[in-house]
Amino acid sequence: MAELRTAVSRLRRELAALPADFPDRAIAEDQLAALAAMAAGGMPEIPRLRGSLLLIAGAIGSVSALGRGLGEVRAAVDLFGEPPRN
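What counts and how
- Residues numbered from 1 in each chain as written.
- Predicted model: local features only at pLDDT ≥ 70, side-chain atom pairs only at ≥ 80, totals over all residues.
- Heavy atoms only, no water.
- Helix = DSSP H or I, 4+ residues; strand = E, 2+ residues; numbered from the N terminus.
- Rg over C-alpha atoms; globule rule 2.2 N^0.38 Å.
- Buried < 20%, exposed > 50% of the residue type's maximum accessible area, 1.4 Å probe, protein only.
- Areas by Shrake-Rupley, 256 points an atom, 1.4 Å probe, with all protein chains shown as cover.
- Lys, Arg positive; Asp, Glu negative; His and termini not counted.
- Charge placed at Lys NZ, Arg CZ, Asp CG, Glu CD.
- Axes fitted to C-alpha atoms, helices over the stretch in contact; angles between N-to-C directions.
- Parallel < 35°, antiparallel > 145°, perpendicular 65-115°, else oblique.
- Left-handed = near helix turned anticlockwise from the far one by under 90°.
- Contact = heavy atoms within 4.5 Å.
- Nonpolar A, V, L, I, M, F, W, Y, C, P; charged D, E, K, R; others polar.
- Expected span 1.5 Å × (residues − 1).
- Arc of directions from axis to C-beta.

### Comments concerning the overall build of the protein chain
Line of reasoning, step 1. Counting its regular elements, the protein chain contains 4 helices and 0 strands.
Line of reasoning, step 2. For the protein chain, the N- to C-terminal ordering of α and β elements is α-α-α-α.
Line of reasoning, step 3. Whereas a compact globule of 86 residues would reach a radius of gyration of roughly 12 Å, the protein chain reaches 12 Å, a difference of no more than 12%.
Line of reasoning, step 4. By residue count, 35% of the 86 residues in the protein chain fall in the buried class.
Line of reasoning, step 5. Element-wise, carbon and sulfur atoms account for 55% of the exposed surface of the protein chain, whose accessible area totals about 5200 Å².
Line of reasoning, step 6. The average position of the 10 basic charges and that of the 10 acidic charges among the side chains of the protein chain differ by 4 Å.

In structure tokens:
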């Protein structure tokens, strides 16, 4: 959980400091807030973590300045393992 909280916090700061505006910025900010809430609330649901990560990646994936932070969030989400298969 600590890795997820740290990575999400770092990416939120990087996004806030980014002067450029882009169409999906609000989506990225909302999903980062959702990840932060999940990390603060105990053991999150893996499918929800991965869904938020996917939305964040889609929203900021083309902003190269955020690539490293996004990679750190992905690595933190990956620590929770794969979602259960139906």
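On we go.
### Brief notes about the packing of helix H1 (residues 2-17) against helix H4 (residues 67-78)
For any two helices packed against each other, the geometry is given by the interaxial angle and the distance between the axes.
Line of reasoning, step 1. Orientation of H1 relative to H4, taken along the N-to-C sense of each, is 160°, at an axis distance of 9 Å. Between H1 and H4, the angle falls in the class roughly antiparallel. Considering the relative orientation of H1 and H4, their crossing is left-handed. Together, Glu-3, Leu-4, Ala-7, Val-8, Arg-10, Leu-11 and Glu-14 of H1 and Gly-69, Leu-70, Glu-72, Val-73, Ala-76 and Val-77 of H4 make up the contact between the two elements.
Line of reasoning, step 2. Split by residue class, the contact of H1 with H4 holds 8 nonpolar, 1 polar and 4 charged.

### Considerations on the packing of helix H2 (residues 25-40) against helix H3 (residues 46-60)
Line of reasoning, step 1. It is at 9 Å that the axes of H2 and H3 come closest, and there the two elements cross at 155°. Between H2 and H3, the interaxial angle falls into the category roughly antiparallel. The two elements H2 and H3 meet at a crossing, and its hand is left-handed. In this structure, H2 contributes Ile-27, Ala-28, Gln-31, Leu-32, Ala-34, Leu-35 and Met-38 to the contact, and H3 contributes Arg-48, Leu-49, Ser-52, Leu-55, Ile-56, Ala-59 and Ile-60.
Line of reasoning, step 2. Of the residues belonging to the contact of H2 with H3, the class tally is 11 nonpolar, 2 polar and 1 charged.

### Points about H1
For an α-helix the count is 3.6 residues per turn, leaving residues at separations of three or four pointing the same way.
Line of reasoning, step 1. Compared with the 22 Å implied by 1.5 Å per residue over 16 residues, the 23 Å span of H1 between its first and last C-alpha is a close match.
Line of reasoning, step 2. Of the positions making up H1, those classed as buried are Leu-4, Ala-7, Val-8, Leu-11 and Leu-15. All buried residues of H1 project into a common sector of 95° when viewed along the axis, lining one side. Turned more than 90 degrees off the buried face of H1, the exposed positions are Arg-13, Ala-16 and Ala-17.
Line of reasoning, step 3. Elements in contact with the buried residues of H1: H2, H3 and H4.

### Describing the side chain of Gln-31
Line of reasoning, step 1. Mapped onto the fold, Gln-31 is located in helix H2.
Line of reasoning, step 2. Judged by its relative accessible area of 18%, Gln-31 is buried.
Line of reasoning, step 3. Sequence-distant contacts of Gln-31, defined by excluding residues within four places in its chain, comprise Ser-52, Leu-55 and Ile-56.

Scope: geometric values only; no functional claims are made or implied.
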